[in-house]
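# Inside the fold
Spelled out from the first residue to the last, the chains are:
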Amino acid sequence: QVQLVESGGGLVQPGGSLRLSCAASGFTLSTYNMRWYRQAPGKERELVAGITSTGDTNYADSLKGRFTISRDNAKNAMFLQMNSLKPEDTAVYYCRAEASRRYYWGQGTQVTVSS
């Protein structure tokens, strides 16, 4: 019953904000490095941001300053705060949990930025 489930996507106007959630079940997220990826139609899946098990964060250079990744181990979840959204942010956003011997993908949540 190991699962990662993304939520919080939807349609938002340019300049708006969304907060994506990634909820884990069937395993304890606290020991995993977590990442957000996104994939737009016709493009490769790209790394958006990551947060280690100890809370260290990193971001794609082009997104630094607009997106913030965080985790709440008590809730067994991680989050992506997305501000100042642009049409080019439109994509399916996926969360990924990584450990030395295993990894899990969520099913993704659609983010559409359009006026």
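The text that follows walks through the structure, step by step, so that each part is easy to find.

### Examining the state of the cysteines
- In this structure the tally under the stated criterion is 1 disulfide.
- Put simply, Cys 22 and Cys 95 are joined by a disulfide, and their sulfur atoms are 2.1 Å apart. As the torsion about the S-S bond is roughly 60°, the Cys 22-Cys 95 disulfide counts as right-handed. Linking Cys 22 in strand E3 (residues 18-25) with Cys 95 in strand E9 (residues 91-98), this pair joins segments that are 73 residues apart in sequence.

### Notes on the environment of Arg 45
- Tracing the chain through its elements places Arg 45 in the loop between strand E4 (33-39) and strand E5 (46-51).
- Each C-alpha atom, one on Arg 45 and one on Thr 109, is 14 Å from the other, the two residues being 64 residues apart in sequence.
- Residue contacts for Arg 45: discarding those within four places in its chain leaves Tyr 37, Arg 38, Gln 39, Tyr 94 and Trp 105.
- Polar side-chain contacts of Arg 45 include one of 3.4 Å to the side chain of Gln 39.

What counts and how
Residues numbered from 1 in each chain as written. Predicted model: local features only at pLDDT ≥ 70, side-chain atom pairs only at ≥ 80, totals over all residues. Heavy atoms only, no water. Disulfide = S-S within 2.5 Å. Helix = DSSP H or I, 4+ residues; strand = E, 2+ residues; numbered from the N terminus. Contact = heavy atoms within 4.5 Å. Polar contact = N/O pair within 3.5 Å; in protein donor to acceptor, adjacent residues only side chain to side chain.

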